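Secondary and tertiary structure notes
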Amino acid sequence: MSPAAPLPELTVVHVPVSDPRVEPLLRELGDEYAARYGKDAHAEFARYPDEEFTAPYGGVLLLLLERGQAVAGGAFRRYDTTTAELKRIWTHSAHRRRGLARRVVAELEREAALRGYRRIHLTTGPRQPEARGLYLATGYTPLFDTEADPESIGPLPFEKHLPASARTGKAVDL
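Throughout what follows, the structure given in this document is the object of discussion. All values reported here derive from a predicted model rather than from experimental measurement. (Residues numbered from 1 in each chain as written. Predicted model: local features only at pLDDT ≥ 70, side-chain atom pairs only at ≥ 80, totals over all residues. Heavy atoms only, no water.)

A complete count under the given rule lists 14 salt bridges for this structure. With a shortest N-O distance of 2.4 Å, Glu85 and Arg77 are connected by a salt bridge. Look at Glu85 and you get buried, because its relative accessible area is 5%. By relative accessible area, Arg77 is classed as buried at 14%. Two residues, Arg115 and Glu111, come together in a salt bridge whose shortest N-O distance is 3.4 Å. For Arg115, a relative accessible area of 23% gives the class partly exposed. Of the residues examined, Glu111 reaches a relative accessible area of 2% and is grouped as buried. Each member of the salt-bridge network shares a partner with another, and the members are Arg103, Glu107, Arg110, Glu111 and Arg115. (Salt bridge = Lys/Arg side-chain N within 4 Å of Asp/Glu carboxyl O. Buried < 20%, exposed > 50% of the residue type's maximum accessible area, 1.4 Å probe, protein only.)

What the seven strands build is an open sheet, ordered 1-2-3-4-5-7-6; its pairing is mixed. Both outer strands of the open sheet, strand 1 (10-14) and strand 6 (141-142), are each paired with one neighbouring strand and no more. As defined by bridge partners, strand 3 (residues 69-80) adjoins strand 4 (residues 83-91) across seven bridges and the pair is classed as antiparallel. Bridge pairing links Arg78 to Ala84 in strand 4. With respect to the sheet, helix 1 (residues 23-37) is in contact with strand 2 (60-66), strand 3 and strand 4, its orientation differing from that of strand 4 by roughly 85°. (Pairing = 2+ DSSP bridges. Helix = DSSP H or I, 4+ residues; strand = E, 2+ residues; numbered from the N terminus. Contact = heavy atoms within 4.5 Å. Axes fitted to C-alpha atoms, helices over the stretch in contact; angles between N-to-C directions.)

A water-sized probe rolled over the atoms picks out the places where empty space is left. Reported here for the largest pocket is a volume of approximately 1100 Å³. Together, 33 residues line the largest pocket, and Ile89, Thr124, Gln128, Glu130 and Ala131 are the ones closest to its centre. The set of elements that each furnish at least two residues to the lining of the largest pocket consists of helix 1, helix 2 (43-46), strand 4, helix 3 (100-114), strand 5 (119-124) and helix 4 (129-137). In terms of residue count, strand 4 provides more of the lining of the largest pocket than any other element does, six residues in total. For the lining of the largest pocket, the class distribution of residues is 15 nonpolar, seven polar and 11 charged. (1 Å grid on protein atoms, 1.4 Å probe; cavity = no way out; pocket = protein on both sides within 12 Å on 5 of 7 lines; lining within 4 Å. Points joined across faces, edges and corners; volume = space filled by probe spheres on them. Nonpolar A, V, L, I, M, F, W, Y, C, P; charged D, E, K, R; others polar.)

Core analysis: the largest hydrophobic core is formed by 28 residues, its most contacted members being Leu64, Phe76, Leu86, Ile89, Leu108, Tyr135 and Tyr140. Of all the secondary-structure elements, those providing two or more residues to this core are strand 1, strand 2, strand 3, strand 4, helix 3, strand 5, helix 4 and strand 7 (156-161). A total of six residues in this core trace back to one element, the largest contributor, which is helix 3. Excluding anything up to four places from it in sequence, Leu86 contacts Ala75, Phe76, Val105, Leu108, Ile120, His121, Leu122 and Tyr140. With 16 residues, the next largest nonpolar core counts Val15, Val17, Leu25 and Leu65 among its residues. (Core = buried A, V, L, I, M, F, W, Y, C linked by side-chain atoms within 4.5 Å.)

Structure follows, in structure tokens:
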């Protein structure tokens, strides 16, 4: 039996929404939302102006690059003065089941803590059981009855308090 090939190194980059490498994220998320929730799901992207995902507005959008190609990404925006809201968590359809979404969430939590946030808030749709599972598996507290039919709840809210020890260091935008 030959040894497994080493996994390629991932590079984390902070980018504006206008960066061409973000296009696959927006396209695939839009298609996924439309398939699960109908055509009007594309309006979710228009709800938040792009600048909310930039440092001056308290946000960030990051991508995980493998050999220069975006394989996963996500963002947060300022929810309130102590809380960041995760948005647009994505893994490229050709790169799923590799733990990349967990890595994105961890990177976003790290960045939020470095920027002084103490809490993360997020919602996911009731027709996204893999997202629900991701947040439960990464230590998020559901703010809804997990025994109820998700369709009866609507958007599923979660929160996570960031440890004070994570709020040290320096944030860097590339």
